[in-house]
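Okay, here's what each chain looks like letter by letter:
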Amino acid sequence: MSNLSEHYSPATGRRLGLLIIIMVAIGGVLTTFWAKTRWWFPPVASRHGADVDQLITTTFIVTGFVFFFVNLALGIFVWRFAAAREERAIFWPDSRTLELSYTLVPTAILITLISMGAVTWARVHSPVPRNALRVEALGQQFAWTFRYAGPDGAFGRTAPRFVSRQNPRGMDQSDAAGRDDIIVSELRLPVNEPVVVLIRSSDVIHSFFLPNFRVKQDAVPGMTTQFWFTPTRRGNFELACAELCGVGHYIMRGRVVVDTKAAVDAWLADQSH
Amino acid sequence: MTVTHDHTHAEHRQSFITRWIFSQDHKVIGIQYLMTSLLMAAIGGFLSMLIRMQLGFPTWNFYWAQWLFPGGFADFKMKPDFYPAVVTMHGTIMVFFVLTTALSGGFGNFLIPLTIGARDMAFPFLNMMSYWLYPPAIVILLISFLVTGGAAAAGWTAYPPLSALRNAVPGSLWGQTLWLVSLALLIVGFLFGSLNYITTVFNLRARGMTMSRLPLVTWAQFLTAILMLLSFPVLFAAVIMLLFDRHLGTSFFIPSGLVVGSQLVTHQGGNPILWQHLFWFLGHPEVYVLILPPMGIVSEILSNNSRKPIFGYTFMVGSLSAITFLSFLVWGHHMFTSGMHPLVGTAFMVTTLLIAVPSAIKVFNWLATLWRAQIRFTSAMLFAIGFVSLFVTGGLTGVFLASPAVDIYFQDTFFVVAHFHFVMASAALFGLFAGTYHWFPKMFGRMMNERLGKIHFWLTFVGIYATFYPMHFAGTAGMMRRIFSTTQYEFLRGLAGMNMFISVAAFGLGIAQLIFAYNFINSWIRGPKADRNPWKSNTLEWQTESPPPHGNWGAHEPTVHRWPYDYSVPGATDDFIPQTVPAVPAVSGAAVDESDGKPT
Amino acid sequence: MTPTTAPTLERKRPGPPGGPAGPGWDRGFGQPDRDRDGDAHRVPLARIAVWLVVATVTLLFAAFTSTYLARRMEPDWQTLQMPGILWLNTAVLAVSSFLLEWSRREGLKQQLPRLRAGLIIATVLGVVFLAGQILAWRQLAATGIFLASSPHSSFFYLLTGAHGVHILGGLIALFYAVGKTRTTGSVEAVFEPAATFWHFLGVLWLYLLVLLFWI
């Protein structure tokens, strides 16, 4: 036979309430601030990345408040209403006003977030500027290669029927525009110039992930996806694969160098010989 | 008069086999589902320990692991080609073979007929079939560890072409085929089950048990069954097409012009994105299949142990229904970076953020239920309160991932891993534990050890936060999912210490579950006998014997006179009034309101 | 936050069980009235079940349809010539369905021998349909069009195959109904669900025919 009265334990309520308040509500917020100093986003290096970071910060603030106060309330309620046996609970099954208010307030907050998110999303996916540098990235198990259009500024034609082991891109050898295309294993981009990356894969799905540039776009075999952005900082950056693509998924790393336009042009000219 | 009708086969002579193995009794089937799921949880949990070993301690030697998996380890360290298989099997087992089967198969089977006052499910034979498709599915899935190439390794989402081309990853050689066949069997079982649940709730409710008097736990199971009935056939279609692609030369998901493993692929013109649409059309409802039943379980336990009516029954049912409906419209948020049109992304963001509203209503209603309650801290109640905290934490990170611009960064990072481990793994697991502690007396007629239950709770609650909360920061730092090692990238250099911490916490969390296993088995064998209604609960299942006899109710089915949440009703002598208690004469002078058990 | 008007015990008295449903969530579902003669007023379980089966099979084919339509958009799509025998098969299935409905009506008029005759012929026609479908496959294969030959042929075999499997299920239900008519006069519980499913499969076949060859 169970003894129910032993479960009316104010001590347990105090313990659990304190645990939720200290470990979850306060601890959760404090560790987030601590994490900001150690494990936060890699330094942003693209124009739209700043917008994205702004949106992330806003979302952190909004959700952080909700997180803190809801867990705080939970902790306080658990502590406070861990009543002794004699006190009886109130009979309170419903309150339309209260329920409507906590339907409408979250709805309003979410609509605000939706609008902000939609604006940023539309900006990220705005039309590609006319002067953008075009680079094609090809994901293969387990490396990235890149194709620049070369001096003529036009990519050679590709089609699935030309694909072979030696020609994973499926380049049409008869197309003159393809003769001067430059295929390299690292991505070099001019600073402050828009670039559009055309992303392809020749085997399985990969994901083109540039943490610093806040860029991620799947490389889907059979189609070309794209992402345009403007690098704002010079330096060396990393390219990762973010979608499980096989045994070597974790080593599918690429190198990205952002430099002045002149330096990138000179490097490109070097590669074409 | 309601007398025993054709569902009573209490008088049948039953051998051990028909009673406990090939039983058609919903209670036995529910317990079978629950026990099998707990066994699978041990396997799935063990696999997660292997993952954490590799991520936390990549340089250590694990002698015993090499002995256990001679093919997966070399020099006592995990091989990179074993890791994706471990990740895949962990996810698959936990989602489909543990949480779905335990929460829907286990608690659904056990509770639906008991809470609605029925003697059994509408189709007991179909119910038995539903369970008996599950063990073969398990065998097929686990055998895949032993076949050439090992177990499936394309993730629990099995994105083609990785899962479609046999030389794309070792697990795609044979393991993936077994994975698909196993899943197909399991899906058929789920469909049998949900067909049964819906029909039962529609048709076998006891006298007076209107839908508005249905306990929330039953509502949740009912809506879950609808979700499963409408979403699993879509995955079934996808599974069939992927099997065709793998073995019959079709090209539904495999595009032309691929070179895999230095071989030209001969398939022509399919589209791998189609799989993603089909998969997530199931996959997103599936996460609600995992979370709706715990929501129901927790609502029940919170109300019962607060000694208060659940706050806002109507809104609770409404929000469950809204979640059910909306969950069919949000699948695209798993595919923001797959190359969809930006406007489609915006549409999915709107639906996804809207589904947060009913979730918020539920959280606030649970809080309001605790307000001025008289809380009783049973182990079940501790886990139910823990559920609320975990659900809030996990739900809020969903707000990030619902926004496509933010998701660009977080997609496929550990932030996502943290998110779904909070909201659908930990929270669902807490629902499972809460439900087990609460209904164990009814299932086995014995009480679980509450002292061990509480120790189990404290360790698990702290362990879960210690394990999964830091994963958010692995995500903000950019760590990708499903990577074997973080050492290849400079931007992930700083994560070694954190991964070690997470792993230690995870090991602790894993070990703490042994307490539960011991408590479960020990209480089953020698726990103190439980009486009918140990928690002083209102719902019907507590008004019969523990465990209920075959046919549940003896000679007469119960008649229902009130809703299930009459706790601490002013003027009543007890602080609970079971649903079977008829109306007592009104106290002098007051008008009788005929509105069905809920005050206006 | 305490409500100003605390609900009192007597406000909580629900109406008599089985009485008119109060306002709330049960409106529309209704409570089966089991007061009088047991189960007589309840919807037969099999009728609910068959509609749920229809729902789940619909979703299965909706999934196939969505991939089919998406795949059709691709430029390399080549349309298959429809095998002529499908016209015949369609006619057979339609007659089968009509016969089933006719025999149901005869059954309502208590014309049990007619019911039985109609049911048996409808079932036989179902078997003929299935045989005709297999013949269509063989004809196609004879012209060198196999499962993996083209996207359209893949979908043709997949969709007709999936439909065929369900036809097989429907035939089992019909056979079961035929067996039931031999032993018992009342066939509602078995006959009606089987007929519902069979009509659904007929409609599904017309839909697939239109989907595969006319759009």
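**Student:** I'm lost on the overall build of chain A in this one. Help?
**Tutor:** A tally of regular secondary structure across chain A gives four helices and 10 strands. Starting at the N terminus, the α and β elements of chain A follow one another as α-α-α-β-β-β-β-β-β-β-β-β-β-α. In chain A, which comprises 273 residues, the share counted as buried stands at 55%. If you take every contact in chain A between residues at least 6 apart in sequence, the share linking residues at least 24 apart comes to 70%. By element, 59% of the accessible surface of chain A is carried by carbon and sulfur atoms, the whole surface being about 11,800 Å². A distance of 3 Å separates the average location of the 27 positive side-chain charges in chain A from that of its 22 negative side-chain charges.

**Student:** What is the right way to look at the packing of aromatic side chains in this model?
**Tutor:** Here the distance between the centres and the angle between the planes together describe a pair of aromatic rings. With the rule as written, the count across this model stands at 95 aromatic pairs over all chains. With centroids separated by 5.4 Å and ring planes inclined at 50 degrees, the aromatic side chains of A:Phe213 and A:Phe229 adopt a geometry described as tilted. Placement of A:Phe213 in the loop between strand 6 (206–210) and strand 7 (215–219) and of A:Phe229 in strand 8 (residues 225–229) is noted, with a sequence separation of 16 residues between them. Of the two residues, A:Phe213 and A:Phe229, both sit in the buried class. The interplanar angle of 15 degrees and the centroid separation of 5.5 Å between the aromatic rings of B:Phe383 and B:Tyr437 together place this pair among those described as stacked. Note that B:Phe383 is positioned in helix 13 (residues 379–402) and B:Tyr437 in helix 15 (residues 414–444), a separation of 54 residues in sequence. No difference in accessibility class separates B:Phe383 from B:Tyr437, as the two residues are buried. A cation over a ring is seen here: A:Lys216 above B:Tyr409, with NZ or CZ 5.9 Å from the ring centre. The ring of B:Trp174 carries B:Arg166 above its face, with NZ or CZ at 4.7 Å from the centroid.

**Student:** In this structure, what is going on with the sheet that holds strand 5 (residues 195–201) of chain A? I would like to understand it.
**Tutor:** Sheet strands pair via backbone hydrogen bonds, and the direction of the pair is either parallel or antiparallel. Residue and element names in this part refer to chain A. Pairing within the open sheet is mixed, and its five strands lie in the order 3-2-1-5-8. Single-partner strands in this sheet number two, and they are strand 3 (182–184) and strand 8. Averaged over neighbouring strand pairs, the angle between their axes works out to 25 degrees when direction is ignored. Looking at chain direction, strand 2 (residues 143–148) and strand 3 are connected through three bridges and run antiparallel. Looking at the pairing, Tyr148 lines up with Ile182 of strand 3.

**Student:** It is not clear to me how the interface of chain A and chain B should be interpreted in this structure. Could you clarify?
**Tutor:** Many descriptions give the size of an interface as the accessible area lost when the pieces come together. Listed as interface residues are 106 residues of chain A and, on the opposing side, 125 residues of chain B. When chain A packs against chain B, the two sides together hide about 10,100 Å² of surface, and 72% of this comes from carbon and sulfur. Here chain A and chain B share one salt bridge between them. Salt-bridge contacts for A:Arg253 lead to B:Glu490; the nearest nitrogen and oxygen are separated by 3.7 Å. The interface formed by chain A and chain B includes 29 residue pairs in polar contact (both at pLDDT 80 or more). Listing elements by their share of the side of chain A that touches chain B, those giving two or more residues are helix 1 (10–36), helix 2 (47–80), helix 3 (96–124), strand 7, strand 8 and strand 9 (235–241) of chain A. Looking at the side of chain A that touches chain B, the element that brings in the most residues is helix 3 of chain A, giving 16 residues.

**Student:** Any chance you could explain the side chain of C:Ser97 here in plain terms?
**Tutor:** All names here are of chain C. In this structure, Ser97 sits in helix 2 (residues 85–108). Using a relative accessible area of 14% as the deciding quantity, one classes Ser97 as buried. Not counting chain neighbours up to four residues away, the residues in contact with Ser97 comprise Trp198 and His199.

**Student:** Which parts of the structure should I look at to understand the side chain of A:Asn212?
**Tutor:** Residue and element names in this part refer to chain A. With respect to the secondary-structure elements, Asn212 resides in the loop between strand 6 and strand 7. At 2.9 Å, the side chain of Asn212 forms a polar contact with the backbone oxygen of Pro43. In this structure Asn212 touches Pro42, Pro43, Val44, Ala45, Ser46 and Phe237, once residues within four positions along its chain are discounted.

**Student:** In this structure, what is going on with the pairing of strand 9 of chain A? I would like to understand it.
**Tutor:** Along any regular strand the residues' side chains alternate between the sheet's two faces. Residues and elements named next belong to chain A. Across the seven residues that make up strand 9, a large majority, five, are buried. As judged from the five bridges shared by strand 9 and strand 10 (residues 254–259), these two strands associate in the antiparallel manner. Note on strand 10: the bridge partner recorded for Asn236 is Val257.

**Student:** Is there a simple way to explain helix 15 of chain B in this structure?
**Tutor:** The α-helix winds at 3.6 residues per turn, so residues separated by three or four positions along the chain end up facing the same way. Residue and element names in this part refer to chain B. Residue His438 marks the point of greatest curvature in helix 15, where the axis turns by about 45 degrees; the proline Pro441 follows within four residues. Across the 31 residues of helix 15, 28 count as buried, placing the element largely inside the fold. At the exit of helix 15 stands Gly445, carrying a positive phi of roughly 75 degrees.

**Student:** For this particular structure, what's the right way to read the environment of B:Leu195?
**Tutor:** Structurally, B:Leu195 is set in helix 7 (residues 175–203). Given a relative accessible area of 9%, B:Leu195 falls into the buried group. The sequence separation of B:Leu195 and B:Ile226 amounts to 31 residues, and the corresponding C-alpha distance is 8.3 Å. Other than its neighbours up to four places away in sequence, B:Leu195 contacts B:Leu126, B:Leu229, C:Ala49, C:Leu52 and C:Val53.

**Student:** How should I be thinking about the nonpolar core in this particular structure?
**Tutor:** Note on soluble globular proteins: their nonpolar side chains tend to be buried together. One finds A:Phe146, A:Phe208, B:Phe96, B:Phe97, B:Trp366 and B:Phe387 to be the most contacted residues of the largest nonpolar core, which totals 327 residues. Shared between two domains, this core holds at least three residues of each, these being domain 1 (4–85) and domain 2 (133–271) of chain A. In this view, B:Phe97 contacts B:Ser37, B:Met40, B:Thr92, B:Tyr134, B:Ala137, B:Ile138, B:Leu141, B:Ser182, B:Leu183 and B:Leu186; residues no more than four positions away in its chain are not counted. Membership of the second largest hydrophobic core comes to 15 residues, among which are A:Leu110, B:Met349, B:Ile361 and B:Val399.

**Student:** For this particular structure, what's the right way to read the packing of helix 7 of chain B against helix 1 (residues 45–72) of chain C?
**Tutor:** In a pair of packed helices, the angle between the axes and the distance between the axes together describe the arrangement. For the pair helix 7 of chain B and helix 1 of chain C, the least separation of the axes is 10 Å and the interaxial angle reads 135 degrees. Considering the angle they form, helix 7 of chain B stands oblique to helix 1 of chain C. Read as a crossing pair, helix 7 of chain B and helix 1 of chain C show a hand that is right-handed. Contacts between helix 7 of chain B and helix 1 of chain C involve B:Leu191, B:Leu195, B:Ile198, B:Thr199, B:Phe202 and B:Asn203 from the first element and C:Leu45, C:Ile48, C:Ala49, C:Leu52, C:Val53 and C:Thr56 from the second. Here the residues of the contact of helix 7 of chain B with helix 1 of chain C are counted per class, giving nine nonpolar, three polar and no charged.

**Student:** Looking at this structure, I do not really get the packing of helix 4 (residues 83–116) of chain B against helix 8 (residues 216–247) of chain B. What am I missing?
**Tutor:** Residue and element names in this part refer to chain B. Between helix 4 and helix 8, the shortest axis-to-axis distance is 10 Å and the interhelical angle comes to 135 degrees. In this view, helix 4 runs oblique relative to helix 8, as classed from their interaxial angle. With respect to the hand of their crossing, helix 4 and helix 8 are arranged in left-handed fashion. Counting all contacts with helix 4, which are made through Phe96, Thr100, Leu103, Ser104, Phe107, Gly108, Leu111, Ile112, Thr115 and Ile116, the residues of helix 8 involved are Val217, Thr218, Gln221, Thr224, Met228, Phe232 and Leu235. Each residue belonging to the contact of helix 4 with helix 8 can be placed in one class, and the counts come to 10 nonpolar, seven polar and no charged.

**Student:** What is the right way to read the domain arrangement of chain A from this model?
**Tutor:** All names here are of chain A. Assigned domains of chain A: these are domain 1 (4–85) and domain 2 (133–271). Computed from C-alpha atoms alone, the centre-to-centre distance between domain 1 and domain 2 is 42 Å. Opposite the 10 residues of domain 1 that make contact, domain 2 presents 13 residues. When the area that domain 1 buries against domain 2 is broken down by residue, the three leading residues are Ala45, Arg47 and His48, summing to 54%.

Here is what the cut-offs are and how they apply
Just so you know, the residues in each chain are numbered from 1, in the order the chain's sequence is written. Each chain gets a letter, beginning with A, and each ligand a number, beginning with 1, in the order they are written. Only residues with pLDDT of at least 70 are given local features in this predicted model, and only at 80 or more are side-chain atom pairs given and counted; all residues enter the totals for whole chains, interfaces and linings. Side-chain metrics in this entry use all non-hydrogen atoms of the structure; hydrogen atoms and water are not considered. Note on conventions: DSSP H or I runs of at least 4 residues are helices, E runs of at least 2 residues are strands, and numbering of each starts at the N terminus. Any residue under 20% of the maximum accessible area for its type is buried, any over 50% is exposed, and the rest in between are partly exposed; the area is computed with a 1.4 Å probe on protein chains only. The criterion used for residue contact is that any of the two residues' heavy atoms lie within 4.5 Å. What sets the accessible areas is the Shrake-Rupley method with a 1.4 Å probe; for residues, cover comes only from the shown protein chains. A residue counts as positive if it is Lys or Arg and as negative if it is Asp or Glu; His and the chain ends are not included. Just so you know, the charge point we use is NZ for Lys, CZ for Arg, CG for Asp and CD for Glu. Each aromatic pair joins two rings of Phe, Tyr and Trp (for Trp, the six-membered one) with centres within 6.5 Å, and gets the label stacked for planes under 30 degrees apart, edge-to-face for over 60, and tilted for any other angle. Charge over a ring is defined by NZ of Lys or CZ of Arg lying within 6 Å of the ring centre and within 35 degrees of the ring normal. For two strands to count as paired, DSSP must find a minimum of two bridges between them. Lines are fitted to the C-alpha atoms to define the axes, a helix being fitted only along its stretch in contact, and any angle between axes, read from their N-to-C directions, falls within 0 to 180 degrees. The quantity reported as buried area is the accessible area (1.4 Å probe) lost by two parts once they are put together, taken as the sum for both. Just to be clear on terms, a salt bridge is a Lys or Arg side-chain nitrogen sitting within 4 Å of an Asp or Glu carboxyl oxygen. Think of a polar contact as two N or O atoms within 3.5 Å of one another; within protein, one of them needs to be a possible hydrogen donor and the other a possible acceptor, and neighboring residues in sequence only count if both atoms come from side chains. A residue's bend is the angle separating two fitted axes: one through the seven residues that end there, the other through the seven that start there. Side-chain atoms within 4.5 Å link the members of a nonpolar core, which is a set of buried Ala, Val, Leu, Ile, Met, Phe, Trp, Tyr and Cys residues. Domain borders in the structure are assigned automatically or taken from a domain database. Roughly parallel covers angles under 35 degrees, roughly antiparallel covers those over 145, roughly perpendicular covers 65 to 115, and oblique covers all other angles. If you view the pair so one helix is near and one far, a crossing is left-handed when the near helix is turned anticlockwise from the far one by less than a right angle, and right-handed when it is turned clockwise. Think of it as three bins: nonpolar holds Ala, Val, Leu, Ile, Met, Phe, Trp, Tyr, Cys and Pro, charged holds Asp, Glu, Lys and Arg, and polar takes everything else, Gly as well.

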